[in-house]
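Structural features, examined
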Amino acid sequence: MSAPVDNYIALSAVLFFIGVVGVIVRRNPLIMLMSIELLFNAANLALVTYARAWVNNAGHIFAFLVITVAAAEAAIGLAIVAVTFRRSPRVDVDEVATLKG
Amino acid sequence: MLLYLVWLLPLLGAVLLFAFGPQLKSWAGPIGSAMIGVPFAATLALWPEATAPGGGLHLQPMVTWLNGWSFGLQLDRLSLIWTLVITGVGFLIHVYSIGYMDGDRAFARFFAYMNFFVYAMLTLVLSDNVVGLLVGWGLVGLASYFLIGFWFERPSAVGAARKAFVMNVVGDVGIMFAIFVIVAKVGSIGYADVFAKFGTAFTKEELFLVCLGLFIGCAAKSAQVPLHTWLPDAMEGPTPVSALIHAATMVTAGVYLIARFAPLWNASPDARSLVGVIGAITAIAGAVLGCVQWDIKRILAYSTMSQIGYMIMGVGVGAFEGGVLHFLTHAFFKAQLFLTAGIVIHALHDEQDVRRMGGLRTRLPFAFIAMLVGVLAISGVPGFSGFFSKDAVLYETLAKGHPYLYAVGVITAGITAYYMFRMLFLTFLGRYRGDVDPSDLGIRHPELAGTAPAAGHHAEEEEPHHHAPAWLMTGPVAVLIPFSIFIGWVQFGGENSPWARFFGDFFGAAATTGPVPAPPFSEGVSTAIVLVLVLAGFAVAWLRYWKPDALQNAVPRLRTETVRTPALLWNAYYFDAAYDYLLVRPARALGGAFVRYVDPHVIDAAVREAAISSQWLGHLFRSFQTGLVRAYALSIAFGVLCVVAYYAVVFGGGR
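Residues numbered from 1 in each chain as written. Chains lettered and ligands numbered in written order. Predicted model: local features only at pLDDT ≥ 70, side-chain atom pairs only at ≥ 80, totals over all residues.

**Concerning the overall build of chain A**
Within chain A one finds 3 helices and 0 strands. Start at the N end of chain A and walk to the C end: the helices and strands fall as α-α-α. Taking 2.2 N^0.38 as the reference for a compact globule, 101 residues should give roughly 13 Å; the C-alpha atoms of chain A span a radius of gyration of 17 Å, well beyond that estimate. A principal-axis box enclosing the C-alpha atoms of chain A has dimensions of 55 × 25 × 25 Å. Looking at chain A residue by residue over its 101 residues, the buried ones come to 14%. Summarising the internal contacts of chain A: among those between residues at least 6 apart in sequence, 47% fall at separations of at least 24. (Helix = DSSP H or I, 4+ residues; strand = E, 2+ residues; numbered from the N terminus. Rg over C-alpha atoms; globule rule 2.2 N^0.38 Å. Buried ≥ 20, exposed ≤ 12 C-beta atoms within 10 Å, placed from the backbone. Contact = placed C-beta atoms within 7 Å.)

**Regarding the nonpolar core**
All names here are of chain B. Counting 199 residues, the largest nonpolar core has Tyr113, Phe117, Met121, Ile148, Val255 and Ala335 as the members making the most contacts within it. Among the elements that line this core, the one with the most residues is helix H4 (residues 107–126), at 17 residues. Excluding its chain neighbours within four sequence positions, the residues that come into contact with Tyr113 are Ala143, Phe146, Leu147 and Phe150. (Core = buried A, V, L, I, M, F, W, Y, C linked by C-beta atoms within 7 Å.)

**Considering H4 of chain B**
Owing to its 3.6 residues per turn, the α-helix aligns residues three or four sequence positions apart on the same side. With 20 residues, H4 of chain B should reach 28 Å at 1.5 Å per residue; the first-to-last C-alpha distance of 29 Å fits that figure. Most of H4 of chain B is tucked away: 19 of the 20 residues are buried. (Expected span 1.5 Å × (residues − 1).)

**Focus: the environment of Asp549 of chain B**
Summarising the element assignment, Asp549 of chain B is placed in helix H23 (residues 548–552). It is 35 Å that separates the C-alpha atoms of Asp549 of chain B and Leu480 of chain B, two residues lying 69 residues apart in sequence.

**Focus: the interface of chain A and chain B**
Facing the 10 residues of chain A at the interface are 10 residues of chain B. Taken together, the residues that form the side of chain A that touches chain B break down as 6 nonpolar, 2 polar and 2 charged. (Nonpolar A, V, L, I, M, F, W, Y, C, P; charged D, E, K, R; others polar.)

**Some points on helix H27 (residues 629–651) of chain B**
Here H27 of chain B spans 33 Å end to end across 23 residues, near enough to the 33 Å set by a 1.5 Å rise per residue. With 0 of its 23 residues buried, H27 of chain B lies for the most part at the surface.

**A few points about the packing of helix H8 (residues 204–221) of chain B against helix H13 (residues 269–290) of chain B**
All names here are of chain B. Between H8 and H13, whose axes approach to 9 Å, the crossing angle comes to 20°. One finds that H8 runs roughly parallel with respect to H13. As for how H8 packs across H13, the hand of that crossing is right-handed. Together, Phe208, Cys211, Leu212, Phe215 and Ala219 of H8 and Asp270, Ala271, Leu274, Val275 and Ile278 of H13 make up the contact between the two elements. (Axes fitted to C-alpha atoms, helices over the stretch in contact; angles between N-to-C directions. Parallel < 35°, antiparallel > 145°, perpendicular 65-115°, else oblique. Left-handed = near helix turned anticlockwise from the far one by under 90°.)

**Quick look at unusual backbone geometry**
Residue and element names in this part refer to chain B. Backbone torsion omega between Val225 and Pro226 reads 5°, so that peptide bond is classified as cis. Relative to the assigned elements, Pro226 resides in the loop between H8 and helix H9 (230–233). Although it is not a glycine, Ala223 sits at a positive phi angle of roughly 55°. Of note, Ala223 is situated in the loop between H8 and H9. Not every positive phi belongs to a glycine, and His349 is a case in point at roughly 55°. Of note, His349 is situated in the loop between helix H15 (320–347) and helix H16 (360–363).

And the structure:
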């Protein structure tokens with residue numbers, strides 16, 4: 001069973017990496033939110049893979065938690081995007097820097 | 001149980017008078033007196049128990065704190081003598097104060113303090129352990145502070161009170177040091193334990209250090225050179241206070257301390273020599289200063305210092321019975337002298353300068369008789385109490401092998417006679433000089449010479465108010481007179497006297513460094529020498545102050561004498577000036593330097609630097625807050641990478 005686990009984890013790592021790069025390099029908030037979804041689901045994939053590999057349901061439960069959090073995050077994130085879009089038509093997160101110290 | 005009454009009634013009185021003083025009005029005096037009188041009667045009732053074989057009455061343990069730290073009360077032969085004097089003489093002085101303090105605004109407060117003082121003193125002498133002793137010792141100093149500063153409207157009284165307190169605290173530190181060593185080495189605080197174990201627990205040096213610490217305390221409280229300077233200033237307090245505290249009881253606490261720790265001193269001949277020498281120096285230094293004072297209370301203050309020097313010398317050389325006897329006789333005749341001086345001061349409306357007295361023999365005949373008896377007693381005229389006790393101290397000093405101390409003591413006896421008779425003659429003989437212009441008497445600053453009327457005292461004199469009956473003041477003195485004459489007779493008969501039998505071998509025998517040479521002459525010869533010197537002192541006083549032509553030219557003579565007073569003596573050997581230069585001024589200079597340099601450049605600078613550096617830190621962290629979400633994401637990713645790398649390095653090697 002060891003080879004399939006390695007494959008799943010490799011897929012998870014690749015997805016996670018794509019997500020990280022997406023969050024860091026893209027300036028469109030919608031793309032960034034989608035990248036964050038990638039991060040969540042990469043983590044979910046890893047959790048579920050290990051849960052199956054070690055026959056331990058804690059991983060599944062964590063995956064459910066992550067899905068809940070992802071839903072909440074998407075709701076709040078899209079609301080913020082909508083608000084900022086109303087303030088200025090340009091959609092660029094670097095413009096939204098009012099908390100600059 | 002009766003002993004608790006003796007101990008706690010004065011405290012009850014103090015609390016009562018302090019809480020309800022204004023309501024009690026003139027009842028404060030009688031109540032305060034009763035709170036001392038009842039313990040006196042109770043102590044008399046306890047006499048048989050206290051003198052019973054087996055160490056007397058011992059209430060132990062009253063309270064146990066830690067293992068070996070039990071507090072109790074103890075009434076043995078030594079504390080019996082002290083308790084009787086404190087409550088007995090204290091009672092008389094309380095009664096006297098009802099008359100003396102009559103009309104004072106703070107009448108009840110005065111009695112509250114006096115009761116508190118008696119309580120503190122009883123704590124000191126009744127305690128059966130070193131810690132209780134220290135507590136009493138400190139409380140006595142506090143009570144003394146209250147009473148010296150009783151008229152707190154006067155800056156001089158406040159200063160004197162502070163001085164006394166500070167000096168006493170210097171002594172307290174010495175005692176505390178000794179107690180620390182005792183507790184560390186013996187492990188328990190009861191006298192009985194300490195005396196049983198100190199021989200094995202202490203090395204010779206430690207024993208000497210303990211004795212030295214105890215003696216520092218004793219020197220401060222008993223006004224021994226060089227810690228004596230507070231005593232003359234303490235005369236700022238009301239006269240009954242001077243009588244009770246600075247003559248009869250508190251200042252003799254040092255004598256009690258040494259007598260109580262007799263076994264320790266017995267075992268340490270070095271410490272004994274030190275104490276004897278200091279005692280002798282104090283005796284003669286005080287006596288010489290007594291010769292140049294003009295304030296009647298200061299004369300008595302210096303004589304007190306000198307007499308305590310005798311006591312300390314006595315207990316120092318190992319003549320405990322003699323020293324304690326001198327305490328006993330001195331308590332009576334010095335209380336009497338002070339109270340009589342109080343009558344004189346009261347009659348002259350707070351005049352204390354003997355140059356402005358004179359001729360009071362006809363005006364105050366009772367005071368004259370009382371003062372005469374007191375002077376005869378303190379001078380050691382045969383038949384009066386001082387004769388027996390002083391003789392006992394002096395001859396014991398010689399017999400224990402201290403001829404030099406003996407010589408100093410004998411000379412002091414002559415000087416004592418001189419200045420005491422000088423005071424008597426100046427006050428009561430000749431013509432009244434109160435109406436003479438002060439400058440003719442050489443008094444340059446009457447307001448500085450202790451002659452100014454008291455600020456608080458008799459402030460309501462203008463209003464006609466009822467005067468306390470005169471017997472309240474004369475009565476206690478009349479009671480003291482027979483004691484001043486006869487109490488010394490308990491020593492009559494030497495080895496078989498009631499006094500010697502009372503103490504027996506209570507104090508134990510003193511260890512000596514070598515064989516003591518036999519005294520060169522017998523006690524009779526010694527008495528004769530002392531008497532010759534006393535007579536000489538009297539003769540000089542007579543020549544200068546009582547001879548017909550001396551009386552006639554009293555005013556110009558006093559003027560010359562005032563002007564020609566040696567500066568060394570007038571400034572009391574410059575002790576105060578020395579303390580000023582050696583301690584007060586350096587301390588002030590140090591304080592000034594701290595204010596000028598350390599405070600702005602170290603303390604304030606540190607605070608300023610702390611503020612500046614946190615501001616700078618804020619600036620630094622603010623630069624990370626770019627507001628760029630992607631930068632945050634990058635730093636989070638970097639952080640995660642670091643965590644992952646850490647786990648990979650630490651745990652990854654196993655696979």
